[in-house]
Amino acid sequence: MSQIIEALFLGLIEGLTEFLPVSSTGHLLLVGHFLGFESTGKTFEVLIQLGAILAILSVYFSRLLGIAKALPYDPDARRFVIGILLAFLPAAVIGAALHGFIKDVLFNPWIVCMTLIAGGFVLLMIDAMPLRPTYKDATKFPLPMYLKIGFLQCLAMVPGVSRSGATIVGAMVLGADKRAAAEFSFYLAMPTMAGAFAYDLLKNYKILSANDASLIVVGFIAAFVSALLVVKTFLDYISRHGFAPFAWWRIVVGAAGLAGLIVFG
């Protein structure tokens, strides 16, 4: 029962943090470390992301369906799909090549704490920069810009960096406004997280037990419910308030994590 409660709690954290620039994987690894939660092959943290994927699919379903229907006759729709594929490609290639190294070496609470703090200061700097956005529609970025955002997303393979943070900040530095950058991060999350889910499941399904599966299901449901809340509110919030609250949250959590590691190990 205690493991079920832990899985429920971690699933809520996943859904609440996945689309915010605070690093969901970093939070899961850090909280899991202090709870003593150990997942087989460190798969729980990756596989419960399916809940967050389905949450964003449910919110964006009508838009995605419209894009799919327009593909045969609308060059803009085809161009946007190509842009998504270009942005997804770096993570697909680099993630597959470094999968073992990422899980064995980088899934480390000390690294998480340091990258959380460093990322917080980066967000504060971005908020203070006088950026003048050129692009206000996530579906109309130049194709090279999509690819560049895809490479920047790969920074989030280091837990604590934040996939959404890397893509949002990258898009803004390349000329997108806050809302378009955040919206594109949502679009890119779908193939990226689905790919990570499928690859991790393929690599580890043989070692998962029935108990592992039950924990993943609980985490998945909790992630779906909490992610729905974030997806429906985040775009409006970030458009009005910027990154400072998330930056300070990262810094506080990272510093608290370092203190906890020093005291408790």
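Residues numbered from 1 in each chain as written. Predicted model: local features only at pLDDT ≥ 70, side-chain atom pairs only at ≥ 80, totals over all residues. Heavy atoms only, no water.

Within the chain, the regular secondary structure consists of 12 helices and zero strands. Going from N to C terminus, the chain has its helices and strands arranged as α-α-α-α-α-α-α-α-α-α-α-α. Expected size for 265 residues packed as a compact globule is a radius of gyration near 18 Å; at 18 Å, the chain falls within 12% of this value. When the backbone C-alpha atoms are referred to their principal axes, the chain occupies close to 55 × 40 × 35 Å. (Helix = DSSP H or I, 4+ residues; strand = E, 2+ residues; numbered from the N terminus. Rg over C-alpha atoms; globule rule 2.2 N^0.38 Å.)

Overall, the coordinates contain 13 aromatic pairs when judged by the stated rule. Pairing Tyr-146 with Phe-184 gives two aromatic rings, centres 5.1 Å apart and planes at 45°, and the pair type is tilted. A residue pair is termed long-range when its members are at least 10 positions apart, and Tyr-146 in helix α8 (residues 143-153) and Phe-184 in helix α10 (residues 178-204) qualify at 38 residues. According to the relative accessible area criterion, Phe-184 is buried, its value standing at 0%. Here a set of aromatic residues connected by ring pairs shows up, and it is made of Phe-19, Tyr-60, Phe-80, Tyr-135, Phe-141, Tyr-146, Phe-184, Phe-186, Tyr-187, Phe-234, Tyr-237 and Phe-246. (Phe/Tyr/Trp six-rings, centres within 6.5 Å; stacked < 30°, edge-to-face > 60°. Buried < 20%, exposed > 50% of the residue type's maximum accessible area, 1.4 Å probe, protein only.)

Its place among the elements puts Asp-212 in helix α11 (residues 210-241). Of the side chains with opposite charge, Lys-103 comes closest to the buried, unpaired Asp-212, at an N-O distance of 11 Å. Polar contacts involving the side chain of Asp-212 include one to the side chain of Thr-40, which spans 3.0 Å. Leaving out residues up to four positions away in the same chain, Asp-212 has contacts with Thr-40 and Ile-207. (Lys, Arg positive; Asp, Glu negative; His and termini not counted. Salt bridge = Lys/Arg side-chain N within 4 Å of Asp/Glu carboxyl O. Polar contact = N/O pair within 3.5 Å; in protein donor to acceptor, adjacent residues only side chain to side chain. Contact = heavy atoms within 4.5 Å.)

What follows deals with the packing of helix α4 (residues 49-70) against α11. When two helices pack together, their arrangement is given by the angle between their axes and by how far apart the axes lie. Following both chains from N to C, one finds α4 and α11 inclined at 45°, their axes separated by 7 Å at the closest point. In terms of their interaxial angle, α4 and α11 are classed as oblique. Seen along the crossing, α4 lies across α11 with a hand that is right-handed. For the pair α4 and α11, contact is made by Leu-50, Gly-51, Ala-52, Leu-54, Ala-55, Ile-56, Ser-58, Val-59 and Tyr-60 and by Phe-220, Ala-223, Phe-224, Ala-227, Leu-228, Val-231, Lys-232 and Leu-235, respectively. Taken together, the residues of the contact of α4 with α11 break down into 14 nonpolar, two polar and one charged. (Axes fitted to C-alpha atoms, helices over the stretch in contact; angles between N-to-C directions. Parallel < 35°, antiparallel > 145°, perpendicular 65-115°, else oblique. Left-handed = near helix turned anticlockwise from the far one by under 90°. Nonpolar A, V, L, I, M, F, W, Y, C, P; charged D, E, K, R; others polar.)

A few words now on the nonpolar core. If you look at the biggest cluster of nonpolar residues, it comprises 45 residues, and the most contacted ones within it are Phe-19, Tyr-60, Phe-141, Phe-184, Phe-186, Tyr-187 and Phe-234. Contributions of two or more residues to this core are made by α4, α5 (75-97), α7 (109-128), α8, α9 (163-173), α10, α11 and α12 (244-264). With 10 residues, the top contributor of residues to this core is α10. Setting aside residues no more than four positions away along its own chain, Tyr-187 makes contact with Tyr-60, Arg-63, Leu-64, Ile-67, Phe-80 and Ile-84. Residues Leu-29, Ala-91, Cys-113 and Cys-154 belong to the second largest nonpolar core, which totals 13 residues. (Core = buried A, V, L, I, M, F, W, Y, C linked by side-chain atoms within 4.5 Å.)

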